[in-house]
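Chain and residue survey
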Amino acid sequence: MEIKSAYIYGFGKWQDYKITFNNSPLLIISGNNESGKTTIRQFFLFMLYGFPPKKRVIYLPKTGGRMGGRLTVSLPGIGDCTIERIHDRNNGEATCVVPSGEILPESWLKDQLNGINQKTFESIFSFDSNDLNEIQNIKMEDLGDVLLGIGMTGTDKIYTTEKWLDNELNQLFKPQGKKPKINQLLLDIDHMYKQLMDLEKRENTFNSKKFEKEKLSLEIEELQDQIETLIKELSKCEKQLNSYTLIQAYYHSKQQLNQFSNHVDYPENGLDRYQQLKEQVMPLKSELTVLEGSLTKTKQEMESVQSNLIPEKLSNTIELLVNQLPNYHRLLNEQQFKNNERHQVNIELSNDLTKLQLGLTIEDMDTLTIPFHIEDAWNHLKQEAEHLKLEKERIDSEFHSLGKQRTYVENELHSFQEKMLETSEFNDMQDKLKKKKEMDRLRESDEIQLKQKESWKIAQQKKTKLANTIFGIGILVTISLMLLGWLLQMDVLYIGSGLVGVSVVLQKILLLFSARSMEKVLFENTTLKHRNVIGDRESREIEQLLHEQESLKQRCENLEIKLNQIKVDQLKSSERNSFLEQKQNRLDQLTRDHKEIYPFLRPIAVEYWPNLLHNLRFCIEKFDKIKTYNQELDRLNDEIKKFEDEVCLLFEQYKWLELNNPIKVKVDYLTSLLNEQSNLHSKVDQYKQWIDQTNAEMQSLVNQLKPYQTEINRLWSIANVADEESFLRKGTQKKEKEELQRKISEYYNQLQLFLYDYELKQIDEGNLIDRWELEDKFKTQETEKKQLENQLKDKQQQLADIKSVISHLERTEDYSMMKHFYSVKIGELNKIAKQWAVLQVAKEKLVNTKKMYQQHYLPKVIERTTIYFEKLTNGSYKRILPLEEGKVLYVECGNGIRYQVTELSQGTRDQLFVSLRIALSEVTSEISKMPFFIDDAFVHFDGVRRASMMQILEKIAEKQQVLLFTCQESIIEYSNNQVMDIQQI
């Protein structure tokens, strides 16, 4: 089997992805980590074998869509087949399309896989880096099971058969089991044998059993009476024990109640009512106390704040000045901004004038005036100068070009005129050529006539032959008619013969006349003897020479026309040049006039005047900006000085700070002073508000307390007390007494259920029953009861056994039926034992078969493994020792030392495992050729061993398809690109 291509509908991270392999036997699928290589390998396994539903869920596409795909494989003897498997279709089963177009089920695919299931495929044809560690645990039995599956039709059948045999044997018999059929039969037979022996004994003891039955019945009745009496006593004693705690509580409660007086003056539910009043009063009193303290503190703080306030008139003056501060700061910022802008513009203007290099200064800008129309005038002068310059250059270039053209044309014309022939000589050549053409035409006419004569002769010969044939036939017909007429004596036949004869003669005569007239026309000697004037070669030379002369003549005519046109163009160019000089003189005069008005234009060319005008206007605009800034700054300075004078006057009047302090310090002082006074006024207002609010709250609390205090005084009066502590103490006593009375009532009602009145009366009088006496009495009665019950149970069992024996003995058929059942069981045991023996023999045969295949194939596997392992390790290890039952692999190095697999390095262990897998694959390929999957199994290989590994894989790929999944680009460097197909993902 070979994989040709795959299309993934959706599988893990892959969706709508196609892979196509060429015919190369070694296929390398390369990609980085997490690029999806292992997922593609799992996709191939899913398409070939399918996955259970739980495992399919793992590979459902994360972005939605159906899970599954198509796999195109080439099967020996069948061709290319397409396998399609979709997760939610046909319960994940595959459908196969063969080359004929027929759709086949998954059972057909399993037949084509030769019974190799997924587990066997992964054990032989597929492995990755995680599987390499299994080499240290592999044993002979593991390889033997795999090799046995190789030799048979399919691994599943071998394992299934062996499992079925073990299951059937275990269901029939287990040495230590009870559920198998033979074990159950043995137990049943043993039990039946014992029953059979008992039945034999019981047949001899029927009368004695009847006497024992009557005796046991009397003894059972006596025991039942005794037990009933004890049960009543135990019930009473148990109730007393279970309620002993209740009895004690009742006794102690009665004792405590006797300590209280008979009558207590106290209001109904006095404590609860008093507590409810206290709960209502306490928060109100606490809140009233807090409010009184807060009121005193608030008044003191308000008086302290009022002492720091300044007069209201002064405060209004300060507030007016502070309100002007934003405008003052705005003026300062604007003043600074205007100064900076003026300075910047001044610097820019100075730099611009310096760059112009006209000798102008900032002071000159005040007197410089430029009219609005000067720009049009200077632009016109510039355009005119540029136009005249371009026109002058164009005319000069044109005049120079015309001169060159005239010289070239005159030279060409002179050269062509020298090459031309004289007129007479040219005419003679034309005459010769005409005569030559006329002679050639006549010759061609003669040749055509000769061909016509030959054609006519051939046609005439055919016509003559045909006419002669017709003439002969006509003569024969005429003679025949004459003879018939003579024989029949019929005139009509004579006439007919005469007409035929005349017709034939006339046809002959007409043919001869036509031939002679045509011959005169064709053979009349009209041709002249043609004499060639000149030869063909000379004729061609003359034709070529005449053609050249015609061409030269035409060129000369064209050159003469062109020369005349050039002369005309030169005259026109001279006239334009004169007109241009006049315009240049006028332009120079206008330029001089402008330079007289603006002397700074003298060193500057006219072409640059408009640009200069643009720069000068920018300079004038900047100078105007400077004058505007000066005016604005004068206005700002006046307003700032006015505000500062008012602030200084206020500080001088009240002597707050030294007069030489900066204005900023004074302004900050006024601002902080105003803020402070504002805060103080706010605090005073807030304190007044708090005082009014506190007084109102205090009055409200006093009004709320009055009804509560009245109720409290009334409760004290009923209880005959004068303070709270006495009231609470008296209330506690009454509550305790009422609680005791309630408990005693409850205890009494409960004890009435299991105590007599005299017993309750004894308790009231102070006589309490001892608990230990009750417990000893209860234990003694309970022990006696158990003994009697055990005796009763034994007697009842004995009575039941005797009744059963008597009943069995009365039915005389039991013994004979038991003997019959016993013999049937023995026969059934013999039959199942034979079946077990057959299965046991089959299992032994299967075990022997497994050993045979191990002995047949295992040496081959070990031999091939040794070859590959020696090549991979560059000869370091010479031999792999054959596996012994229950032991692991050993290898032998070149010096004869043997090592267990666990003693080898990780890389060498990996190479041993790879060698073993390749050997197993080779042995298996002799029967079933399947693709070989390797997933990044060479991570511990060095460069040399990787190269050797790729050589081995290339050799294996000659026999079976190999798919190598790797993230190591160096693997490709060790491979032969001619025998492999690299798929980059």
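Residues numbered from 1 in each chain as written. Predicted model: local features only at pLDDT ≥ 70, side-chain atom pairs only at ≥ 80, totals over all residues. Heavy atoms only, no water.

Turning next to the overall build of the chain. What the chain contains, in helices and strands, is 25 helices and 14 strands. The buried share among the 985 residues of the chain stands at 35%. Nonlocal contacts in the chain, meaning residues at least 24 apart in sequence, comprise 75% of its contacts between residues at least 6 apart. Accessible area of the chain: about 61600 Å², with a carbon and sulfur share of 51%. (Helix = DSSP H or I, 4+ residues; strand = E, 2+ residues; numbered from the N terminus. Buried < 20%, exposed > 50% of the residue type's maximum accessible area, 1.4 Å probe, protein only. Contact = heavy atoms within 4.5 Å. Areas by Shrake-Rupley, 256 points an atom, 1.4 Å probe, with all protein chains shown as cover.)

By the criterion of burial, strand β3 (residues 26-30) is predominantly enclosed, with five of the five residues buried. Burial of β3 is two-sided: the residues Leu26, Ile28 and Ser30 facing one way and the residues Leu27 and Ile29 facing the other way are all buried. Taken together, the five bridges between β3 and strand β13 (residues 962-966) define a ladder with parallel strand orientation. Residue pairing across strands places Ile29 opposite Phe965, the latter belonging to β13. (Pairing = 2+ DSSP bridges.)

Moving on, we get to a negative patch on the surface. Residues Glu221, Glu222, Asp225 and Glu228 make up a contiguous surface patch of negative charge. What makes Glu221 partly exposed here is its relative accessible area of 48%. (Patch = residues over 30% accessible without salt bridge, like charges linked within 9 Å, V, L, I, M, F, W, Y side chains within 5 Å. Salt bridge = Lys/Arg side-chain N within 4 Å of Asp/Glu carboxyl O. Lys, Arg positive; Asp, Glu negative; His and termini not counted. Charge placed at Lys NZ, Arg CZ, Asp CG, Glu CD.)

Let us look at the packing of helix α12 (residues 325-356) against helix α17 (residues 609-654). Packing of α12 against α17 brings their axes to within 8 Å, and their N-to-C directions diverge by 155°. One way to sum up the angle between α12 and α17 is to call them roughly antiparallel. α12 and α17 meet at a crossing whose hand is left-handed. Among the residues forming the contact of α12 with α17, the class breakdown is 18 nonpolar, six polar and twelve charged. (Axes fitted to C-alpha atoms, helices over the stretch in contact; angles between N-to-C directions. Parallel < 35°, antiparallel > 145°, perpendicular 65-115°, else oblique. Left-handed = near helix turned anticlockwise from the far one by under 90°. Nonpolar A, V, L, I, M, F, W, Y, C, P; charged D, E, K, R; others polar.)

A few words now on the packing of aromatic side chains. The geometry of an aromatic ring pair is captured by two quantities: the separation of the ring centres and the angle between the planes. Applying the stated criterion across every chain, the model contains 17 aromatic pairs. For the pair Phe44 and Phe933, a centre-to-centre distance of 5.7 Å together with 40° between the ring planes defines the contact as tilted. Placement of Phe44 in helix α1 (residues 37-49) and of Phe933 in strand β12 (residues 932-935) is noted, with a sequence separation of 889 residues between them. On the basis of relative accessibility, which here comes to 0%, the residue Phe44 falls in the buried class. Judged by relative accessible area, which is 0%, Phe933 ranks as buried. Aromatic side chains Phe121 and Phe933 sit 5.5 Å apart centroid to centroid with 70° between the ring planes, which places their arrangement in the edge-to-face category. Pair noted here: Phe121 is in helix α4 (residues 118-124) and Phe933 is in strand β12, with a separation of 812 residues, a long-range link. Grouping residues by exposure puts Phe121 and Phe933 together as buried. (Phe/Tyr/Trp six-rings, centres within 6.5 Å; stacked < 30°, edge-to-face > 60°.)

Glancing now at the sheet that holds strand β6 (residues 94-97). Reading across from one edge, β2-β1-β4-β5-β6-β7 is the order of the six strands in this open sheet, with antiparallel pairing throughout. The sheet terminates laterally at β2 (14-20) and β7 (103-104), the two strands that pair on one side only.

Counting 78 residues, the largest nonpolar core has Phe44, Leu71, Ile83, Phe938, Met949 and Leu953 as the members making the most contacts within it. Those residues in contact with Phe44, other than ones at most four positions away along the chain, are Ile3, Ala6, Phe21, Leu71, Phe933, Leu963 and Phe965. One finds Leu356, Met365, Ala385 and Leu613 within the second-largest nonpolar core, a separate group that totals 31 residues. (Core = buried A, V, L, I, M, F, W, Y, C linked by side-chain atoms within 4.5 Å.)

Right, let's get into the side chain of Asp910. With respect to the element layout, Asp910 can be found in helix α23 (residues 906-925). Despite its burial, Asp910 pairs with no opposite charge, the nearest such side chain being Arg909 at 5.8 Å. Looking at Asp910, its side chain comes within polar contact range of the side chain of Gln906, at 3.0 Å. (Polar contact = N/O pair within 3.5 Å; in protein donor to acceptor, adjacent residues only side chain to side chain.)

Take helix α24 (residues 943-956) next. For α24, spanning 14 residues, the distance from its first C-alpha to its last is 20 Å, which sits close to the expected 20 Å at 1.5 Å a residue. Taken residue by residue, α24 has Arg945, Arg946, Ser948, Met949, Met950, Ile952, Leu953, Glu954 and Ile956 as its buried positions. (Expected span 1.5 Å × (residues − 1).)

For residues besides glycine, phi is generally negative; the peptide bonds are generally trans as well. Even without being a glycine, Asp16 presents a positive backbone phi close to 50°. Within the secondary structure, Asp16 sits in strand β2. For Asp16, a relative accessible area of 55% translates into the label exposed. Within the chain, Asn91 stands out as a residue other than glycine whose phi angle is a positive 55°. One can find Asn91 in the loop between β5 (79-86) and β6. The exposed category is assigned to Asn91, whose relative accessible area is 62%.

In this model, the chain carries a mean pLDDT of 79, and residues with pLDDT of at least 70 account for 89%. For the stretch residues 139-144, pLDDT sits under 50, and the model shows 18 contacts to residues farther than four places along the chain or on other chains. Between residues 525-531, whose pLDDT stays under 50, and residues either more than four places distant or in other chains, the model counts nine contacts. (pLDDT = per-residue confidence, 0-100.)

In this section: the UniProt feature "transmembrane region" (unreviewed entry) in the chain. Mapped onto the present numbering, the UniProt feature "transmembrane region" (unreviewed entry) falls on residues 466-487 and 493-513. End-to-end, the C-alpha atoms of residues 466-487 are 31 Å apart, and along that stretch the chain is 100% helix and 0% strand. The span residues 493-513 carries 100% helix and 0% strand; its end-to-end C-alpha distance comes to 30 Å. (UniProt positions renumbered as here; feature names shortened; annotations may be inferred.)

Their axes nearest at 9 Å, the elements helix α10 (residues 270-306) and helix α19 (residues 724-751) cross at an angle of 140°. Judged by the inter-axis angle, α10 sits oblique to α19. In this structure, α10 contributes Gly270, Leu271, Tyr274 and Lys278 to the contact, and α19 contributes Glu724, Phe727, Leu728, Gly731, Thr732 and Lys735. When its residues are assigned to classes, the contact of α10 with α19 shows four nonpolar, three polar and three charged.

On to a nonpolar patch on the surface. On the surface, Ile475, Ile479, Met482, Leu483, Leu484, Trp486, Leu487, Leu488, Met490 and Tyr494 cluster together into a nonpolar patch covering about 950 Å² of accessible area. Looking at which element gives the most residues to the nonpolar patch, the answer is helix α14 (residues 423-488), with eight residues. Look at Met490 and you get partly exposed, because its relative accessible area is 36%.

This part takes up the sheet that holds strand β9 (residues 877-880). What links the strands of a sheet is backbone hydrogen bonding, and the strands pair in either a parallel or an antiparallel sense. Here we have three strands laid out as an open sheet, ordered β9-β10-β11, and antiparallel in their pairing. Edge positions in the sheet fall to β9 and β11 (898-900), since each has one partner strand and no second. For this sheet, the mean angle separating the axes of adjacent strands, direction not counted, is 30°. Both β9 and strand β10 (residues 890-893) contribute to a ladder of three bridges, which runs antiparallel. Looking at β10, one finds that Arg879 is bridged to Glu892.

Turning next to the pattern of salt bridges. The full count for this structure, using the stated rule, is 26 salt bridges. Where Glu2 meets Lys4, a salt bridge forms, and the shortest distance between an N and an O atom there is 3.7 Å. The partly exposed category is assigned to Glu2, whose relative accessible area is 39%. With its nearest N and O atoms 3.9 Å apart, the salt bridge here joins Lys825 to Asp188. Of this pair, Lys825 sits in helix α22 (residues 813-872) while Asp188 sits in helix α7 (residues 181-202); the two residues are 637 residues apart in sequence, bridging distant segments of the chain. Among the residues examined, Lys825 registers a relative accessible area of 23% and is labelled partly exposed.

There is a patch of like positive charges on the surface, built from Lys871, Lys929, Lys955 and Lys959. Within the secondary structure, Lys955 is located in helix α24. Residue class for Lys955 comes out exposed when judged on its relative accessible area of 52%.

Here the focus is the environment of Gly403. Note on placement: Gly403 falls in helix α13 (residues 374-419). Expressed as a C-alpha distance, the spacing of Gly403 and Lys567, which sit 164 residues apart in the sequence, is 9.0 Å.

Here we take up the environment of Ile985. Structurally, the position occupied by Ile985 is in the segment after β14 (980-984). For Ile985, a relative accessible area of 25% puts it in the partly exposed group. Spatially, the C-alpha atom of Ile985 lies 6.8 Å from that of Ser35, the residues being 950 residues apart in sequence. Every residue in contact with Ile985, bar those within four places of it in the chain, is listed here: Trp14, Tyr17, Ile29, Ser30, Gly31, Ser35, Gly36, Lys37 and Ile40.

Attention now moves to the side chain of Lys37. With respect to the helices and strands, Lys37 occurs in helix α1. Engagement of the side chain of Lys37 in a polar contact is seen with the backbone oxygen of Gly31, the distance being 3.3 Å. When residues no more than four places from it in sequence are discounted, the contact partners of Lys37 are Ile29, Ser30, Gly31, Asn32, Asp936, Phe965, Thr966, Cys967 and Ile985.

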